[in-house]
Amino acid sequence: MNKVKKTVISAMFLALGFVLPFLTGQIQQIGNMFLPMHIPVLLCSFICGWKYASILGIVLPLLRSAIFTMPAMYPNALSMSLELFAYGFLADFVYKHLKYKSVRYLYFALIISMLGGRVVWGTAQSVLLGFGKNAFGFSAFISGAFLNAIPGIIIQLVFIPAIVVLLQKNKFFERE
């Protein structure tokens, strides 16, 4: 896939990252649980590669915050941009370095990127919110990174591999 095609597809994922939160965010309590901005970044990573997905991961939450004020710039958009950068980088990087390219290994790369991104998010939240009395502690990390995100994690584990495999089978893109 050439650079122009990857850039255009990345722009499409940027637009998708702008629109998906509107669809899920009508009910704020569950909208955040679906992790709507994570999906385009992960798809971009598997389709276009880590360079495009990493840039998308940094830009998407910051740009969305600047335009729509959602997510709030501090600390959410800042920590989310680092998290999505990690997602975009790790998904493709891990998958490219696996010996075999199958659905099982696609899941492995996806899970590693999800865990890595969550660790980056928790670290960023801790640094941004401080380590004092009312700081972002371990229980807040577990709750925010995993417990509250279970619906989004399930959606990602079901749909990301299915979409990637479907697009590969239809020769939309070739893995390098």
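Everything below is about the structure shown above.
Below, the structure is looked at part by part. (Residues numbered from 1 in each chain as written. Predicted model: local features only at pLDDT ≥ 70, side-chain atom pairs only at ≥ 80, totals over all residues. Heavy atoms only, no water.)

1. Structural notes on the side chain of S45
Among the secondary structure elements, S45 is positioned in helix α3 (residues 38-48). The exposure class assigned to S45 is buried, which follows from its relative accessible area of 0%. For S45, the side chain forms a polar contact with the main-chain oxygen of G88, separated by 2.7 Å. (Helix = DSSP H or I, 4+ residues; strand = E, 2+ residues; numbered from the N terminus. Buried < 20%, exposed > 50% of the residue type's maximum accessible area, 1.4 Å probe, protein only. Polar contact = N/O pair within 3.5 Å; in protein donor to acceptor, adjacent residues only side chain to side chain.)

2. Observations concerning the packing of aromatic side chains
Summed over all chains, the structure comprises nine aromatic pairs. Centroid distance W50 to F89: 5.3 Å. Interplanar angle 80 degrees. Geometry classified as edge-to-face. Of this pair, W50 sits in helix α4 (residues 50-68) while F89 sits in helix α5 (residues 73-96); the two residues are 39 residues apart in sequence, bridging distant segments of the chain. Summarising the aromatic geometry, the rings of F89 and F93 are spaced 5.0 Å apart at their centres and angled 20 degrees between planes, so their arrangement reads as stacked. Of this pair, F89 and F93 are both found in helix α5, four residues apart, which corresponds to roughly one turn of the helix. The class for F89 is partly exposed, based on a relative accessible area of 25%. When its relative accessible area of 35% is taken as the criterion, F93 is described as partly exposed. Following the ring pairs from residue to residue traces out a cluster consisting of W50, F85, F89 and F93. (Phe/Tyr/Trp six-rings, centres within 6.5 Å; stacked < 30°, edge-to-face > 60°.)

3. Section: the pattern of salt bridges
Counting across every chain of the model gives two salt bridges. Ionic pairing is found between E83 and R118, a salt bridge with its closest N-O pair at 3.1 Å. A residue pair is termed long-range when its members are at least 10 positions apart, and E83 in helix α5 and R118 in helix α6 (residues 103-129) qualify at 35 residues. Accessibility expressed as a relative area gives 2% for E83, which makes it buried. Between K96 and D92 there is a salt bridge, and its shortest N-O distance comes to 3.4 Å. With K96 and D92 both in helix α5, this residue pair falls four residues apart, about one helical turn. Of the residues examined, D92 reaches a relative accessible area of 0% and is grouped as buried. (Salt bridge = Lys/Arg side-chain N within 4 Å of Asp/Glu carboxyl O.)

4. Quick word on the packing of α3 against helix α8 (residues 150-169)
Helix-helix packing is described using two parameters, namely the angle between the two axes and the distance between the axes. Here α3 crosses α8 at 35 degrees, and the two axes come no closer than 10 Å. For the crossing formed where α3 meets α8, the hand is right-handed. Across the interface between the two elements, H38, I39, L42, L43, F46 and I47 of α3 pack against I155, Q156, I160, I163, V164 and L167 of α8. The residue inventory of the contact of α3 with α8, partitioned by class, reads ten nonpolar, two polar and no charged. (Axes fitted to C-alpha atoms, helices over the stretch in contact; angles between N-to-C directions. Left-handed = near helix turned anticlockwise from the far one by under 90°. Contact = heavy atoms within 4.5 Å. Nonpolar A, V, L, I, M, F, W, Y, C, P; charged D, E, K, R; others polar.)

5. Section: a nonpolar patch on the surface
On the surface, a nonpolar cluster with roughly 740 Å² of combined accessible area is contributed by F22, I55, I58, V59, L63, I67, F68, M70 and F85. For the nonpolar patch, the element with the highest residue contribution is α4, accounting for six residues. Mapped onto the fold, I55 is located in helix α4. (Patch = residues over 30% accessible without salt bridge, like charges linked within 9 Å, V, L, I, M, F, W, Y side chains within 5 Å. Areas by Shrake-Rupley, 256 points an atom, 1.4 Å probe, with all protein chains shown as cover.)

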